[in-house]
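Descriptive analysis of the structure
Read off the chains here:
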Amino acid sequence: MAANMLRLYLTCIRNTLEAAMCLQNFPCQEVERHNKPEVELKTSPELLLNSVVICRNEAEKCLIETSINSLRISLKVKQAYELENILTKKFLRFLSMRAEAFQVLRRKPVQGYDISFLITNYHCEEMQKQRLIDFIVQFMEDIDKEISELKLSVNTRGRLVATEFLKQFI
Amino acid sequence: MILLQSPSKYLLQILTTRLENLDKGVELDSYWIEFNDVRYHVQASMKNPNLLFLSVSLPPPPPETVSFGGLPPGAIEAIKAAYGVVAQILDPPRDGFSLTLKLNLSKLPPDEEHKHGVLTKIASVREVVLGAPLRVFLKQLASRTVASDIDKVVALVHRPMESFFLIPQVEKVTVVFPMRFKDSIDILLATSFLKEFVDARRTAGLNNAPPCSWSPSPPPELKGAPPEALSSNAGFVSFVIFPRHVEGRKLDRTVWSLSTFHAYVSYHVKCSEGFMHTRMRRRVESLIQALDGAKPDYEKAVKATQNRSFKRLSLKDGRSSLKSFS
């Protein structure tokens, strides 16, 4: 059931991205010879499309904002309790610090979200659109997987630490 | 290595190497620190290859603990009992240290097994000295004698300016650790590990292990203790030690496990964080590879390296071409 919900959520995001990822080069209207990602500036409303929020549940959602030459995807990941919260923050901060290596990752997440991507027309010229969408969806699945595996490793190690310590007394 | 070992590997290696190379004696002057709270110093000279000076600095005790002249109560008797004539306590100890022992390697027992046993005991100097007061209480428990401090809260030092508490009774001794960590992530990981102790004892058939409990606030047994000593950010862990846990050979192991409990938890918290970092790095690499797969040039580059072929030239080819000329 949970896997099915995840599939539906990811399929919805994938379809939205396929529609939204139609980017073209657009020199800045306001400053000569500048070329900026319009979705970051948000100064000219005619260049921006309606943003879409896809919610998996109250805690998890995905915001997709599009403009003529750039696309911004922001994710909010589930954080149920303290340990999960800190593992998620640690992992996502680890990824964001390496944003340069990822190229399409934003160094700081958008306000209210945990991690953000910024895709520009230049990225679309370098990389195949389908593969790029595959990457984003795989990224989201990987975040989920990694955090649950980190949680599991902490619990397993905790159990082992306790058992070995107590065994000494027998 | 899951459990912390009592004899310090480094110290044991220094001692055995020294013993094996007595005639080739070299100058030795080494400082090191264990578990972030106890400092050691070993010094030996070529003039007297049989003599070794071992200095130990113990963590400074907080005000609520009892100590006699820098050493924990019962330490001097424990040293004499463990080492006999091999070690001599130097008074005053070396500058900056709480205890200096003059070890005379010529006074070791002649047969190999006993010799190694004494060297191992010397390497466990931390357990002997720092664990001495705990040992006194647990020995009284084992022999079921009535202690003078019965039903009172006793504070013993185990880390710099931090103590843990004992409530000795005739039939059992309750040991309570207020757990403190500096880093916020350490606190969370440690709390989740400590909570596991209660669950671990219930499962896995550990019924004979000491009953343990964890609570975020000081347990009722600690009513008589001073409030400054009762601050903690990772809760309080209590163990109830019964005579069966301290009879015979188990006494030494129990003393070691309890006196290094905080170091044990801290060690595993750090290992856990290191493991998480390794996992995250691996995940980043796999994601970057997936991203590279999105670039069409990547595939072309991969195919190009696979299709390159070279014709191997050998000397025979060279000679045959020469022959054709001559």
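Residues numbered from 1 in each chain as written. Chains lettered and ligands numbered in written order. Predicted model: local features only at pLDDT ≥ 70, side-chain atom pairs only at ≥ 80, totals over all residues. Heavy atoms only, no water.

The cut-off we apply is this: UniProt positions are given in the numbering used here, feature names are shortened, and annotations may be inferred rather than shown by experiment.
If you check an unreviewed UniProt entry, chain B appears there as Arp2/3 complex 34 kDa subunit from Coffea arabica. Under the UniProt heading Function (unreviewed entry), the note attached to chain B is "Functions as actin-binding component of the Arp2/3 complex which is involved in regulation of actin polymerization and together with an activating nucleation-promoting factor (NPF) mediates the formation of branched actin networks." One UniProt comment on chain B, placed under Subcellular location (unreviewed entry), says "Cytoplasm, Cytoskeleton".

Under an unreviewed UniProt entry, the name given to chain A is Actin-related protein 2/3 complex subunit 4, and the organism recorded is Coffea arabica. The record in UniProt for chain A states the following under Sequence similarities (unreviewed entry): "Belongs to the ARPC4 family."

1. A closer look at the overall build of chain A
Let me state the cut-off plainly: The secondary structure listing takes helices from DSSP runs of H or I that are at least 4 residues long and strands from runs of E that are at least 2 residues long, numbered from the N terminus. Radius of gyration: over C-alpha atoms. The globule rule applied is 2.2 Å multiplied by the number of residues raised to the 0.38 power. Two residues form a contact once any of their heavy atoms are found within 4.5 Å. Areas reported here follow the Shrake-Rupley algorithm with a probe of radius 1.4 Å; residue values treat only the protein chains shown as occluding. In this tally Asp and Glu are treated as negative and Lys and Arg as positive; neither His nor the chain ends contributes. Think of each charge as sitting on NZ of Lys, CZ of Arg, CG of Asp or CD of Glu.
Looking only at helices and strands, chain A features six helices and four strands. Starting at the N terminus, the α and β elements of chain A follow one another as α-α-β-β-β-α-α-β-α-α. Radius of gyration (C-alpha) of chain A: 20 Å, far over the 15 Å computed for a compact globule of 170 residues. With the C-alpha coordinates of chain A rotated into their principal frame, the extents come out at 80 × 35 × 30 Å. Long-range contacts, defined here as pairs at least 24 residues apart, represent 58% of the contacts in chain A between residues at least 6 apart. Surface summary for chain A: the accessible area is close to 8600 Å², and the carbon and sulfur share equals 52%. Charge separation in chain A, taken as the distance between the mean sites of 24 positive and 22 negative side-chain charges, equals 6 Å.

2. Digging into the packing of helix α1 (residues 9-20) of chain B against helix α3 (residues 112-123) of chain B
Residue and element names in this part refer to chain B. What counts, and what does not: Angles here are taken between N-to-C directions and fall from 0 to 180 degrees, while the axes themselves are lines fitted to C-alpha atoms, restricted in helices to the stretch in contact. In this scheme, roughly parallel covers angles under 35 degrees and roughly antiparallel covers those over 145, while 65 to 115 is roughly perpendicular and the rest are oblique. Each crossing is labelled by how the near helix is turned from the far one, with a counterclockwise turn of less than a right angle marking it left-handed and a clockwise turn marking it right-handed. Three classes are used: nonpolar for Ala, Val, Leu, Ile, Met, Phe, Trp, Tyr, Cys and Pro, charged for Asp, Glu, Lys and Arg, and polar for all others, with Gly counted as polar.
Packing of α1 against α3 brings their axes to within 8 Å, and their N-to-C directions diverge by 140 degrees. Our classification of the angle between α1 and α3 gives oblique. Taken as a pair, α1 and α3 cross one another with a handedness that is right-handed. Taken together, the residues of α3 that come into contact with α1 (itself represented by Leu11, Leu12, Leu15, Thr16 and Leu19) are Lys115, His116, Leu119, Thr120, Ile122 and Ala123. Looking at side-chain class alone, the contact of α1 with α3 contains seven nonpolar, three polar and one charged residues.

3. What about the nonpolar core?
Applied cut-off: Within this scheme, the nonpolar core is defined by two criteria: the residues are buried Ala, Val, Leu, Ile, Met, Phe, Trp, Tyr or Cys, and they are joined through side-chain atoms within 4.5 Å. Any residue under 20% of the maximum accessible area for its type is buried, any over 50% is exposed, and the rest in between are partly exposed; the area is computed with a 1.4 Å probe on protein chains only.
By size, the foremost hydrophobic cluster in this structure holds 51 residues, and its most contacted members are B:Leu138, B:Phe197, B:Phe239 and B:Phe261. The dominant element in this core, judged by the number of residues it contributes, is helix α6 (residues 184-202) of chain B, at nine residues. For B:Leu138, the contacting residues outside a window of four places in its chain are B:Val173, B:Ile241, B:Val246, B:Leu251, B:Thr254, B:Val255 and B:Leu258. In this structure, A:Ile54, A:Leu75, A:Leu132 and A:Ile143 belong to the second largest nonpolar core, which totals 41 residues.

4. A closer look at α6(B)
All names here are of chain B. We apply this condition: Take the residue count of a helix, subtract one, and multiply by 1.5 Å to get its expected span. Two axes enter the definition of the bend at a residue: one is fitted to the seven residues ending there, the other to the seven starting there, and the bend is the angle between them.
With 19 residues, α6 extends 29 Å from end C-alpha to end C-alpha; this agrees with the ideal 27 Å at 1.5 Å per step. For α6, the principal kink sits at Glu196 and spans about 25 degrees. Within α6, 14 of the 19 residues are buried, leaving the element largely enclosed by the surrounding structure.

5. Things to note about the layout of surface pockets
Residue and element names in this part refer to chain B. Selection rule: Two kinds of site are reported from a 1 Å grid over the protein atoms alone, namely cavities, where a 1.4 Å probe fits but cannot get out, and pockets, open sets with protein on both sides within 12 Å along at least five of seven lines, and residues are called lining when an atom falls within 4 Å of a point. Grid points are joined across faces, edges and corners, and a volume is the space filled by probe spheres set on the points.
Looking at the largest pocket, its volume works out to about 510 Å³. What lines the largest pocket is a set of 22 residues, among which Phe35, Asn36, Ala263, Ser266 and Tyr267 lie closest to the centre. It is helix α8 (residues 261-292) that provides the largest number of residues to the lining of the largest pocket, a total of five residues. For the lining of the second largest pocket, the elements supplying multiple residues, two or more each, are α3 and α7 (250-259). Top element by residues in the lining of the second largest pocket is α7. It accounts for four residues.

6. Examining the packing of aromatic side chains
This is how it is decided: Under the pairing criterion, centres of Phe, Tyr and Trp rings, with the six-membered ring standing for Trp, must be within 6.5 Å; the plane angle then separates stacked pairs below 30 degrees from edge-to-face pairs above 60, leaving the rest tilted. Here, over-ring charges are defined by two tests on the NZ atom of lysine or the CZ atom of arginine: distance to the ring centre within 6 Å, and angle to the ring normal within 35 degrees.
Overall, the coordinates contain 18 aromatic pairs over all chains when judged by the stated rule. Pairing A:Phe165 with A:Phe169 gives two aromatic rings, centres 5.5 Å apart and planes at 70 degrees, and the pair type is edge-to-face. Judged by relative accessible area, A:Phe165 falls into the buried class, the value being 1%. Ring plane angle 75 degrees and centroid distance 5.7 Å describe the contact between A:Phe165 and B:Phe197, whose orientation is recorded as edge-to-face. Taken together, the residues span two chains, with A:Phe165 in helix α6 (residues 129-167) and B:Phe197 in helix α6. You can call B:Phe197 buried: its relative accessible area is 1%. What links up through ring pairs into an aromatic cluster is the set A:Phe165, A:Phe169, B:Phe164, B:Phe177, B:Phe197, B:Phe239, B:Phe261 and B:Tyr264. It is A:Arg98 that lies over the ring of A:Phe94; its NZ or CZ is 3.8 Å from the centre. In this structure, B:Arg39 packs its charged tip against the face of B:Phe97, placed 5.1 Å from the ring centre.

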